[in-house]
Amino acid sequence: TFQYIAGQWKAVSPQGDFKLWLKNESKKRVEIDKIHPSHGINMLGVHIAPDGNNKDQVKALRLKVETWVNNVCSSRANMEEVWTALHRTIPFSVCYPLPAVTLKPEECRYIMAPITKYGLPLTGIASTTPTAVKAGSIEMGGLGVIDPYVFMGTSQIENFVSNTWRKSPTGMLQEITLEDFALEMGVSTPWTTEKLQQGMVYATTHSWIRQVVQFTTSNAISIDYQLQHE
């Protein structure tokens, strides 16, 4: 259920002692577990909490990074092998849940901190290397180390554009969410880049669609998008 304080909603557990039941595939009644709204349930590697917080997701990704660093540091891998592992193993574990979540830049830096501090030096690269160089593409002279925040933002844009273009069920839900987002800002739909750049986006409720819009506006990315109604 929800509580509203000073115009802001907060997800809370409903009061009272009650149980919810459903029938499983064997037609037997089973009780549904009660989960606190702030608890991120692990669903196929993605930790999503009903109240939208990312604490459990950040903890899970940080643990994966720390485990990887500990394994590399305790191994006898040479610089070349560590370099390969840095680009071919841990990035897939970190990036897998990112399209579905809404992490902040500081949370992404926290997740990657062990790699920056301990992993990079094992490849012969200083931990103080500027982020622009670390995350820059190898083709452009960078190190190609994954930047979770950039990957999350670009993958979400790709997801939004491709699903709305294909009119998939996910795309239809995204269109509805986008209309609600514009309504909350008090602007007409479809939204335009000019309206979003006025900063009204920061007055809206935290959501996946707001994360996409924030990333596009802060990085000067323009999406030529019009809602199509039949």
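The rules behind these values
Residues numbered from 1 in each chain as written. Predicted model: local features only at pLDDT ≥ 70, side-chain atom pairs only at ≥ 80, totals over all residues. Heavy atoms only, no water. pLDDT = per-residue confidence, 0-100. Helix = DSSP H or I, 4+ residues; strand = E, 2+ residues; numbered from the N terminus. Polar contact = N/O pair within 3.5 Å; in protein donor to acceptor, adjacent residues only side chain to side chain. Core = buried A, V, L, I, M, F, W, Y, C linked by side-chain atoms within 4.5 Å. Buried < 20%, exposed > 50% of the residue type's maximum accessible area, 1.4 Å probe, protein only. Contact = heavy atoms within 4.5 Å. Axes fitted to C-alpha atoms, helices over the stretch in contact; angles between N-to-C directions. Parallel < 35°, antiparallel > 145°, perpendicular 65-115°, else oblique. Left-handed = near helix turned anticlockwise from the far one by under 90°.

## What to know about the confidence of the model for the protein
Alright, step 1. Put simply, the protein has an average pLDDT of 85, and 90% of its residues get 70 or more.
Alright, step 2. Confidence scores differ between elements of the protein, with helix H8 (residues 193–196) showing the lowest mean pLDDT of 60 and helix H1 (residues 55–73) the highest of 94.

## Things to note about the side chain of Thr164
Alright, step 1. Within the secondary structure, Thr164 sits in helix H6 (residues 148–166).
Alright, step 2. Separated by 3.1 Å, the side chain of Thr164 and the backbone oxygen of Val161 make a polar contact.

## Structural notes on the nonpolar core
Alright, step 1. Formed by 29 residues in total, the largest nonpolar core has its most connected members in Val65, Trp68, Leu98, Leu103 and Ile115.
Alright, step 2. Of all the secondary-structure elements, those providing two or more residues to this core are H1, helix H2 (79–88), helix H3 (90–95), helix H4 (105–119), H6 and helix H9 (208–218).
Alright, step 3. The biggest single contributor to this core is H1, with 6 residues.
Alright, step 4. The residues contacting Trp68, other than those within four sequence positions of it, are Val82, Ala85, Leu86, Thr89, Ile90, Ile115 and Gly119.
Alright, step 5. Formed by 8 residues, the second largest nonpolar core is a distinct cluster that contains Phe160, Phe181, Met185 and Ile209.

## Quick notes on the packing of H6 against H9
In a packed pair of helices, the relevant descriptors are the angle between the two axes and the axis-to-axis distance.
Alright, step 1. It is at 10 Å that the axes of H6 and H9 come closest, and there the two elements cross at 110°. Of the possible angle classes, the one that applies to H6 and H9 is roughly perpendicular. In the crossing of H6 with H9, the sense of the turn from one axis to the other is left-handed. Together, Tyr149, Val150, Met152, Gly153, Thr154, Gln156, Ile157, Asn159 and Phe160 of H6 and Trp208, Ile209, Gln211, Val212, Phe215 and Thr216 of H9 make up the contact between the two elements.

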